[in-house]
Amino acid sequence: MTYNEWRDELKSNLLCVSEAERRRVLDYYAEAYADRRDAGFSEREIIEDFGAPYDAAQRILSENAYDEEPHSYEPTREERRREEREQKKERREREREERERERETRRSEHDEFYESAPAPQKTEKRGDYTWAFVLLCIVLAIPIFCVIMTMVGITVAFCFAPFMTLISGIASIGAGVVGLFTDVTSGVLTLGAGLVIFGVSLILFPLCFKLVKWMWKLFGMFFAWLKKLFSGKANA
């Protein structure tokens, strides 16, 4: 039902009153409808608040004196909504105040913690003397070269030692096998010694390679430490 239909039906139920009173009632509801439309209510909501046209007419007709306003309409739904909006607003204000208090509490605790915490010690920044490191390497080029060549020789020896031991063990095993056909006792001893040498060579392979790896790694770490020491980045 539209408002015009509701107004026409209300008018038809007010035929027993005077034209002036009927016009005053219609003007009153017209103003009430316009005010609620401006407030954002839909036509359907306004008509539901007004009630059925017949009920509105009966309320007007039951008034004892027509010189007063025919029906003091109370927009209960609007009032309830206004009250709910006020309550929500007050609740939001309280929540905002609580958040502000919590934020202030956390800020004060944070400030107290950092005020009580010891100040970080400042480390003295050393100067950059990389040029001195380069100069030292140039001056000590020959000793450094000798050290590197010595390490290369040790590396070659450590790498070839297991191979030579392995070859020696295989040769002893072969000699022991051949000796079994001529002198059993000598062949057995030679064969046993060859097996022992072969087993030792298998143990030497990972051990020698790991020693060579650690030797070069320590050498590189030593030079890196020297470089940091002259560049001022080494820890005091």
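Higher on the page you've got the structure.
Source: prediction; values computed, not measured.

Visitor: Would you mind going over the overall build of the chain with me for this structure?
Guide: Per the secondary structure count, the chain includes eight helices and zero strands. Listing every helix and strand of the chain by position from the N terminus yields α-α-α-α-α-α-α-α. Buried residues in the chain amount to 21% of all 236 residues. For the chain, the accessible surface area stands at approximately 17,600 Å², while carbon and sulfur atoms represent 60% of it.

Visitor: Explanation requested: helix α7 (residues 141-179) in the structure shown.
Guide: Along an α-helix, a turn takes 3.6 residues, which lines up residues three or four apart on a common side. The first and last C-alpha atoms of α7 sit 55 Å apart over 39 residues, in line with the 57 Å expected at 1.5 Å per residue. A maximum bend of about 30° is found in α7 at Phe160, where proline Pro162 lies one to four positions downstream. Looking only at α7, the buried set comprises Met151, Thr155, Pro162, Thr165, Leu166, Gly169, Ser172, Gly176 and Gly179.

Visitor: What should I look at first to understand a positive patch on the surface in this one?
Guide: A cluster of basic residues, Lys88, Lys89, Arg91, Arg92 and Arg94, forms a positive patch on the protein surface. Among the structural elements, Arg91 can be located in helix α5 (residues 76-116). Overall, the relative accessible area of 38% leaves Arg91 in the partly exposed class.

Visitor: Even after reading the chapter, I still don't get the pattern of salt bridges, so can you show me in this structure?
Guide: Between side chains of opposite charge, pairing is possible as soon as their charged atoms come close. With the rule as written, the count across this model stands at seven salt bridges. For Arg7, the salt bridge is made with Asp8, and the minimal N-O distance between the two is 3.9 Å. Overall, the relative accessible area of 33% leaves Arg7 in the partly exposed class. Among the residues examined, Asp8 registers a relative accessible area of 45% and is labelled partly exposed. Here Glu100 ties to Arg103 by a salt bridge, and the two come within 3.0 Å at their closest N and O atoms. Note that Glu100 and Arg103 are positioned in helix α5 at a spacing of three residues, about one turn of the helix. On the basis of relative accessibility, which here comes to 33%, the residue Arg103 falls in the partly exposed class.

Visitor: Sorry if this is basic, but what is going on with a nonpolar patch on the surface here?
Guide: Where nonpolar side chains cluster on the molecular surface, the patch consists of Phe145, Met149, Val152, Val156, Phe160, Met164, Ile167 and Trp216 and spans about 780 Å² of accessible area. When residues of the nonpolar patch are assigned to their parent elements, the largest contribution, seven residues, is made by α7. Of note, Ile167 is situated in helix α7. Ile167 gets classed as exposed once you look at its relative accessible area, which sits at 53%.

Visitor: Even after reading the chapter, I still don't get the packing of aromatic side chains, so can you show me in this structure?
Guide: Aromatic ring pairs are described here by two measures, namely the spacing of the ring centres and the angle between the planes. Under the counting rule described, the total for this entry stands at nine aromatic pairs. Note on Trp6 and Phe50: the rings are 5.2 Å apart at their centroids and 40° apart in plane angle, and the pair reads as tilted. Within this pair, whereas Trp6 is found in helix α1 (residues 3-12), its partner Phe50 is found in helix α3 (residues 43-50), the two being separated by 44 residues in sequence. Of the two residues, Trp6 and Phe50, neither departs from the other in class, the shared state being buried.

Visitor: Just to check I follow, could you spell out the state of the cysteines for this structure?
Guide: Throughout this description, disulfide means a covalent bond between two cysteine sulfur atoms. Overall, the coordinates contain zero disulfides when judged by the stated rule. Cysteine Cys208 shares no disulfide, and the gap to the nearest cysteine sulfur, in Cys159, comes to 7.8 Å.

Visitor: I keep staring at the side chain of Glu21 and nothing clicks. Help me out?
Guide: Tracing the backbone through its elements, the reader meets Glu21 in helix α2 (residues 19-38). We classify Glu21 as buried; its relative accessible area is 18%. Polar side-chain contacts of Glu21 include one of 2.6 Å to the side chain of Arg24.

Visitor: Can you help me understand the nonpolar core in this one?
Guide: If you look at soluble globular proteins, the nonpolar side chains tend to sit buried side by side. Among the nonpolar cores identified, the biggest contains 18 residues, and Tyr3, Trp6, Leu10, Leu14, Val25, Tyr29 and Phe50 are the most heavily contacted of them. If you list the elements that add at least two residues to this core, you get α1, α2, α3 and α4 (53-61). Looking at this core, the element that brings in the most residues is α2, giving six residues.

Rules used throughout
Residues numbered from 1 in each chain as written. Predicted model: local features only at pLDDT ≥ 70, side-chain atom pairs only at ≥ 80, totals over all residues. Heavy atoms only, no water. Helix = DSSP H or I, 4+ residues; strand = E, 2+ residues; numbered from the N terminus. Buried < 20%, exposed > 50% of the residue type's maximum accessible area, 1.4 Å probe, protein only. Areas by Shrake-Rupley, 256 points an atom, 1.4 Å probe, with all protein chains shown as cover. Expected span 1.5 Å × (residues − 1). Bend = angle between axes of the 7 residues up to and from the residue. Patch = residues over 30% accessible without salt bridge, like charges linked within 9 Å, V, L, I, M, F, W, Y side chains within 5 Å. Salt bridge = Lys/Arg side-chain N within 4 Å of Asp/Glu carboxyl O. Lys, Arg positive; Asp, Glu negative; His and termini not counted. Charge placed at Lys NZ, Arg CZ, Asp CG, Glu CD. Phe/Tyr/Trp six-rings, centres within 6.5 Å; stacked < 30°, edge-to-face > 60°. Disulfide = S-S within 2.5 Å. Polar contact = N/O pair within 3.5 Å; in protein donor to acceptor, adjacent residues only side chain to side chain. Core = buried A, V, L, I, M, F, W, Y, C linked by side-chain atoms within 4.5 Å.

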